[in-house]
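Residues per chain, in single letters:
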Amino acid sequence: MPKSVLPFLMFQGDGQQALAFYQSVFTDAKVEVELHDGNAGAPKGTLKMARMTIAGNTIIINDSPIKHAFNFTPSISLFVECSSEDEVRKLSEALKQDGSEMMPAGNYGFSTLFAWVSDKYGVSWQLNFP
(Lines give C-alpha, C1' and ligand atoms only; values in the text may rest on other atoms or scores of the structure.)
Protein backbone atom coordinates (compact mmCIF):
# COMPACT_ATOMS: atom_id res chain seq x y z
CA MET A 1 0.00 0.00 0.00
CA PRO A 2 1.22 3.51 -0.73
CA LYS A 3 2.29 5.68 2.19
CA SER A 4 0.47 8.73 0.79
CA VAL A 5 -0.99 10.33 -2.33
CA LEU A 6 -0.37 14.07 -2.52
CA PRO A 7 -1.08 16.80 -5.08
CA PHE A 8 2.15 17.86 -6.85
CA LEU A 9 2.24 21.32 -8.43
CA MET A 10 5.13 21.86 -10.82
CA PHE A 11 5.98 25.46 -11.59
CA GLN A 12 8.48 26.60 -14.21
CA GLY A 13 10.52 29.39 -12.67
CA ASP A 14 7.88 31.07 -10.52
CA GLY A 15 7.49 28.53 -7.74
CA GLN A 16 8.93 30.80 -5.04
CA GLN A 17 6.53 33.58 -5.99
CA ALA A 18 3.60 31.16 -6.04
CA LEU A 19 4.54 29.77 -2.63
CA ALA A 20 4.75 33.30 -1.17
CA PHE A 21 1.37 34.12 -2.73
CA TYR A 22 -0.28 31.01 -1.25
CA GLN A 23 1.20 31.78 2.16
CA SER A 24 -0.33 35.28 1.97
CA VAL A 25 -3.76 33.82 1.12
CA PHE A 26 -3.66 30.85 3.51
CA THR A 27 -2.00 32.54 6.49
CA ASP A 28 -2.16 29.38 8.63
CA ALA A 29 -0.24 27.30 6.05
CA LYS A 30 2.83 25.47 7.27
CA VAL A 31 5.72 25.29 4.82
CA GLU A 32 8.92 23.25 4.57
CA VAL A 33 11.28 24.43 1.81
CA GLU A 34 14.27 22.81 0.09
CA LEU A 35 16.45 25.10 -2.03
CA HIS A 36 18.70 24.24 -4.97
CA ASP A 37 22.40 23.90 -4.16
CA GLY A 38 23.48 25.07 -7.63
CA ASN A 39 24.50 21.62 -8.87
CA ALA A 40 21.38 20.51 -10.77
CA GLY A 41 21.09 23.18 -13.46
CA ALA A 42 19.13 25.62 -11.29
CA PRO A 43 20.57 28.72 -9.62
CA LYS A 44 21.71 28.21 -6.03
CA GLY A 45 19.15 29.35 -3.48
CA THR A 46 16.12 29.00 -5.75
CA LEU A 47 13.17 26.83 -4.78
CA LYS A 48 13.64 23.13 -5.47
CA MET A 49 10.77 21.59 -3.53
CA ALA A 50 8.33 22.67 -0.86
CA ARG A 51 5.68 20.95 1.22
CA MET A 52 2.82 23.31 2.05
CA THR A 53 0.20 22.10 4.51
CA ILE A 54 -3.19 23.82 4.52
CA ALA A 55 -5.91 22.59 6.89
CA GLY A 56 -3.94 19.40 7.51
CA ASN A 57 -3.52 18.58 3.80
CA THR A 58 -0.09 18.64 2.19
CA ILE A 59 0.61 19.93 -1.32
CA ILE A 60 4.02 19.43 -2.92
CA ILE A 61 5.35 22.46 -4.80
CA ASN A 62 8.22 21.99 -7.25
CA ASP A 63 9.99 24.63 -9.31
CA SER A 64 11.42 22.92 -12.37
CA PRO A 65 14.49 24.50 -13.98
CA ILE A 66 13.46 22.69 -17.18
CA LYS A 67 10.86 24.41 -19.35
CA HIS A 68 8.05 22.11 -20.46
CA ALA A 69 5.44 22.47 -23.20
CA PHE A 70 2.59 22.16 -20.68
CA ASN A 71 1.20 23.96 -17.68
CA PHE A 72 -1.76 23.66 -15.32
CA THR A 73 -5.28 22.88 -16.50
CA PRO A 74 -8.64 23.38 -14.75
CA SER A 75 -9.50 19.72 -15.32
CA ILE A 76 -7.71 19.10 -12.03
CA SER A 77 -8.12 21.52 -9.15
CA LEU A 78 -7.66 21.95 -5.43
CA PHE A 79 -11.03 21.64 -3.66
CA VAL A 80 -11.25 23.76 -0.51
CA GLU A 81 -14.02 23.06 1.98
CA CYS A 82 -14.62 26.44 3.59
CA SER A 83 -16.00 27.11 7.06
CA SER A 84 -18.29 29.98 6.00
CA GLU A 85 -19.75 31.82 3.02
CA ASP A 86 -17.49 34.75 3.89
CA GLU A 87 -14.44 32.50 3.61
CA VAL A 88 -15.52 31.37 0.12
CA ARG A 89 -15.84 35.00 -0.98
CA LYS A 90 -12.56 36.07 0.66
CA LEU A 91 -10.53 33.20 -0.83
CA SER A 92 -12.18 33.64 -4.23
CA GLU A 93 -11.29 37.34 -4.35
CA ALA A 94 -7.69 36.71 -3.27
CA LEU A 95 -7.00 33.73 -5.52
CA LYS A 96 -8.54 35.14 -8.71
CA GLN A 97 -6.41 38.32 -8.64
CA ASP A 98 -4.62 38.42 -12.03
CA GLY A 99 -6.13 34.98 -12.72
CA SER A 100 -9.61 34.09 -13.88
CA GLU A 101 -13.04 33.27 -12.54
CA MET A 102 -14.68 30.18 -14.04
CA MET A 103 -17.72 30.19 -11.73
CA PRO A 104 -18.28 33.29 -9.60
CA ALA A 105 -19.33 32.78 -5.98
CA GLY A 106 -22.94 31.67 -6.06
CA ASN A 107 -25.50 29.05 -5.16
CA TYR A 108 -25.51 26.51 -7.98
CA GLY A 109 -27.90 24.11 -6.27
CA PHE A 110 -25.34 21.64 -4.94
CA SER A 111 -24.11 23.68 -1.97
CA THR A 112 -24.81 26.93 -0.14
CA LEU A 113 -21.98 28.83 -1.84
CA PHE A 114 -19.42 27.74 -4.42
CA ALA A 115 -16.75 29.47 -6.51
CA TRP A 116 -14.23 28.13 -9.02
CA VAL A 117 -11.22 30.29 -9.86
CA SER A 118 -7.81 29.98 -11.44
CA ASP A 119 -4.98 31.93 -9.84
CA LYS A 120 -2.32 33.97 -11.64
CA TYR A 121 -0.12 30.86 -11.86
CA GLY A 122 -2.83 28.79 -13.57
CA VAL A 123 -3.71 26.63 -10.54
CA SER A 124 -7.44 25.92 -10.34
CA TRP A 125 -9.27 26.22 -6.98
CA GLN A 126 -12.80 25.10 -6.18
CA LEU A 127 -14.09 26.81 -3.04
CA ASN A 128 -17.15 25.39 -1.33
CA PHE A 129 -19.34 26.01 1.69
CA PRO A 130 -21.87 23.18 2.01
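Residues numbered from 1 in each chain as written. Predicted model: local features only at pLDDT ≥ 70, side-chain atom pairs only at ≥ 80, totals over all residues. Heavy atoms only, no water.

Draft legend 1. Just the overall build of the protein, in detail. Along the protein, the regular secondary structure elements total 2 helices and 8 strands. When the elements of the protein are put in sequence order from the N terminus, they spell out β-α-β-β-β-β-α-β-β-β. Relative to a compact globule of 130 residues, whose C-alpha radius of gyration would be 14 Å, the protein shows 16 Å and is just as compact. Residue pairs in contact within the protein that sit at least 24 positions apart in sequence constitute 52% of those at least 6 positions apart. Taking the average location of the 10 positive side-chain charges in the protein and that of its 14 negative ones, the two points are 6 Å from each other. (Helix = DSSP H or I, 4+ residues; strand = E, 2+ residues; numbered from the N terminus. Rg over C-alpha atoms; globule rule 2.2 N^0.38 Å. Contact = heavy atoms within 4.5 Å. Lys, Arg positive; Asp, Glu negative; His and termini not counted. Charge placed at Lys NZ, Arg CZ, Asp CG, Glu CD.)

Draft legend 2. Up close: the sheet that holds strand β2 (residues 30-35). Strand order across the open sheet formed by 4 strands is β1-β4-β3-β2, with mixed pairing between neighbours. Edge positions in the sheet fall to β1 (8-11) and β2, since each of these pairs with one other strand and no more. Going across the sheet, the axis of each strand differs from the next one's by a mean of 15 degrees, ignoring polarity. Pairing geometry for strand β3 (residues 47-54) and strand β4 (residues 57-63), over 6 bridges, is antiparallel. Residue pairing in the sheet places A50 in a bridge with I61 of β4. The strands touched by helix α1 (residues 15-25) are β1, β2, β3 and β4; relative to β3, the strand with the most contacts, the crossing angle is about 15 degrees. (Pairing = 2+ DSSP bridges. Axes fitted to C-alpha atoms, helices over the stretch in contact; angles between N-to-C directions.)

Draft legend 3. Structural detail: the environment of G41. Position of G41 among the secondary structure elements: in the loop between β2 and β3. Judged by relative accessible area, G41 falls into the exposed class, the value being 70%. Expressed as a C-alpha distance, the spacing of G41 and F70, which sit 29 residues apart in the sequence, is 20 Å. (Buried < 20%, exposed > 50% of the residue type's maximum accessible area, 1.4 Å probe, protein only.)

Draft legend 4. Highlighting the side chain of Q12. Mapped onto the fold, Q12 is located in the loop between β1 and α1. For Q12, a relative accessible area of 18% gives the class buried. At 2.8 Å, the side chain of Q12 and the backbone oxygen of F70 are in polar contact. Ignoring anything within four residues of it in the chain, the contact list for Q12 reads D63, S64, I66, K67, H68 and F70. (Polar contact = N/O pair within 3.5 Å; in protein donor to acceptor, adjacent residues only side chain to side chain.)

Draft legend 5. Looking closely at α1. When we look at burial in α1, the residues that qualify are G15, A18, L19, F21, Y22 and V25. With its buried residues spanning 160 degrees around the axis, α1 presents them on a single face. Buried residues belonging to α1 abut β1, β2, β3, β4, α2 (85-96) and β8 (124-129). (Arc of directions from axis to C-beta.)

Draft legend 6. Structural view of the nonpolar core. Residues Y22, I61, L95, W125 and L127 are the most contacted members of the largest nonpolar core, which totals 28 residues. Broken down by secondary-structure element, the contributors of at least two residues to this core are β1, α1, β3, β4, β5 (78-81), α2, β7 (113-118) and β8. Contact partners of I61, with chain neighbours within four places excluded, come to L9, F11, G15, L19, Y22, L47, K48, M49, A50 and M52. (Core = buried A, V, L, I, M, F, W, Y, C linked by side-chain atoms within 4.5 Å.)

Draft legend 7. Summary view of α2. Compared with an ideal rise of 1.5 Å per residue, which puts 12 residues at 16 Å, α2 spans 17 Å between its outermost C-alpha atoms and is within 8% of the ideal. Among all positions of α2, only V88, L91, S92, L95 and K96 are buried. Down the axis of α2, the buried side of the element spans an arc of 110 degrees, and every buried residue falls inside it. Seen from the buried face of α2, the exposed residues on the opposite side, beyond 90 degrees, are D86 and K90. On the buried face of α2, the contacting elements are α1, β5, β6 (100-106), β7 and β8. One or two steps after α2, the chain reaches D98, where phi turns positive at roughly 65 degrees. (Expected span 1.5 Å × (residues − 1).)

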